[in-house]
Amino acid sequence: MEGLRESNPVGRGRYTPGRRPSGQRGLVPRFSKLPWIPSEQQWLDLLEVARREPVRNRVMLALAYDAALRREELCLPRISDLDPAHRTVRVRAETTKNRLERVVPYSAPTGVLPADYLARRAAISRARGPLSLSESRRNQGQPLSLWMGSKVVRRLALTASVERFSTHTTRHLCLTDLARMGWEVHASPRSPGTATPTRPCGTSTSPAGTSPRS
């Protein structure tokens, strides 16, 4: 006999909100790594590729970075969620992970893009509603799907030879840059909606200097 048993002898802990976890720790500890973010050169390479993209894709990339948006928050905003006068975007509760609405700012360089895109959007559809519309022959004028949003980012990443870049990378990069500048992202009512503090890792350029421009 090898002395093996079919069940785990270490009981599972129980968690009650407001109290310390009870029970025993597992035999094998779990470790969490910091999320990957691009180097400064990789970020610049990706921005160079983005400058040749249609204005819709440049708006999406700029807002994804400036406002630290998740994929759903990026693909599902409505025209009424933008406030160009104050350079803010409202992230509706139904699109967020924690179901909490928030208002987040975007930079002045990014602020020049929405007007250009809204003019382009009006040529596709004058209907109010979703901000980002498909421009393909098959789905022209339809709201941009999450899958198509991911596809756009994936194509940018491959073209720039930054294969690890994803729809969530801009969020990690933005929060890292804020942490490096000494911002307390949870102290503001315009917090990006992250559950844990972001620690500095890697290098990147400043938000105002790298937002894709027209």
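Preceding this section is the structure that the text describes.
Sequence positions are assigned chain by chain, starting from 1 and proceeding in written order. A pLDDT threshold of at least 70 governs which residues receive local features in this predicted model, and a stricter bar of 80 or more applies before side-chain atom pairs are shown or counted, although totals over entire chains, interfaces and linings include all residues. To obtain the side-chain values, all non-hydrogen atoms of the structure were included, while hydrogens and water were left out.

**Q** Looking at this structure, how should I read helix α5 (residues 113-124)?
**A** Residues spaced three or four apart along an α-helix point in a common direction, a consequence of the helix completing one turn every 3.6 residues. A run of DSSP states H or I qualifies as a helix once it reaches four residues; a run of E qualifies as a strand once it reaches two. Both are numbered from the N-terminal end. The span expected for a helix works out to 1.5 Å for each residue beyond the first. Compared with an ideal rise of 1.5 Å per residue, which puts 12 residues at 16 Å, α5 spans 17 Å between its outermost C-alpha atoms and is within 8% of the ideal. Burial classification: accessible surface area is computed with a 1.4 Å probe over protein chains only, and a residue below 20% of its type maximum counts as buried, one above 50% as exposed, and the rest as partly exposed. By the burial criterion, the buried members of α5 are Leu113, Pro114, Tyr117, Arg121 and Ile124. The buried residues of α5 all sit within an arc of 80° when viewed along its axis, so they share a single face. For α5, exposure combined with an orientation more than 90 degrees from the buried face picks out Ala115, Ala119 and Ala123. Residue contacts are defined here by distance: any two heavy atoms, one from each residue, within 4.5 Å place the two residues in contact. On its buried face, α5 is in contact with α2 (55-66), β1 (82-83) and α4 (108-111). The directions considered for the arc run from the helix axis to the C-beta atoms.

**Q** Help me understand the nonpolar core, please; the structure alone is not making it clear to me.
**A** Across soluble globular proteins, nonpolar side chains have a tendency to be buried as a group. Nonpolar core, defined: a set of buried Ala, Val, Leu, Ile, Met, Phe, Trp, Tyr and Cys residues in which side-chain atoms within 4.5 Å join the residues together. Membership of the largest hydrophobic core comes to 22 residues, with the highest contact counts inside it found for Val59, Leu63, Leu69, Leu74, Val104 and Tyr117. Elements represented by at least two residues in this core include exactly α2, α3 (71-75), β2 (88-91) and α5. Counting residues per element, this core draws most heavily on α2, which supplies six residues. Those residues in contact with Val59 that sit more than four places away from it in its chain are Leu113, Pro114 and Tyr117. The next biggest cluster of nonpolar side chains, apart from the first, holds 20 residues, and it includes Leu46, Phe165, Leu175 and Leu178.

**Q** Looking at this model, I keep getting lost on the environment of Ala123. Mind explaining?
**A** For Ala123, the position within the fold is in helix α5. Ala123 gets classed as exposed once you look at its relative accessible area, which sits at 64%. Residues Ala123 and Gly141 lie 18 residues apart in sequence; the distance between their C-alpha atoms is 9.6 Å.

**Q** I tried to follow unusual backbone geometry on my own but got confused; where do I start?
**A** Most peptide bonds take the trans configuration, and most residues that are not glycine carry a negative phi. Of note in the backbone geometry, Ala68 takes a positive phi value of approximately 50° without being a glycine. In this fold, Ala68 is placed in the loop between α2 and α3. The phi torsion at Ser161 lies on the positive side, around 60°, for a residue other than glycine. With respect to the element layout, Ser161 can be found in the loop between α6 (146-159) and α7 (169-180).

**Q** Can you help me understand the packing of aromatic side chains in this one?
**A** In this description, a pair of aromatic rings is defined by centroid distance and the angle of the planes. Only Phe, Tyr and Trp rings are paired, with Trp represented by its six-membered ring, and only when their centres lie within 6.5 Å; those with planes under 30 degrees apart are stacked, over 60 edge-to-face, the remainder tilted. Going through the model one piece at a time under the given rule, you end up with two aromatic pairs. Look at Trp43 and Tyr65: their rings are 5.4 Å apart centre to centre, the planes differ by 40°, and that puts the pair in the tilted class. Taken together, the positions of Trp43 in helix α1 (residues 40-50) and Tyr65 in helix α2 put the pair 22 residues apart, joining distant regions of the chain. Of the two residues, Trp43 and Tyr65, both sit in the buried class. Here Trp43 and Phe165 contribute two aromatic rings whose centre-to-centre distance is 6.2 Å and whose plane-to-plane angle is 20°, an arrangement assigned as stacked. Taken together, the residues span a long stretch of sequence, with Trp43 in helix α1 and Phe165 in the loop between α6 and α7 at a distance of 122 residues. Put simply, the rings of Trp43, Tyr65 and Phe165 touch in pairs and so form one group of aromatic residues.

In short, the description is geometric, and any link to function would need to be established separately.
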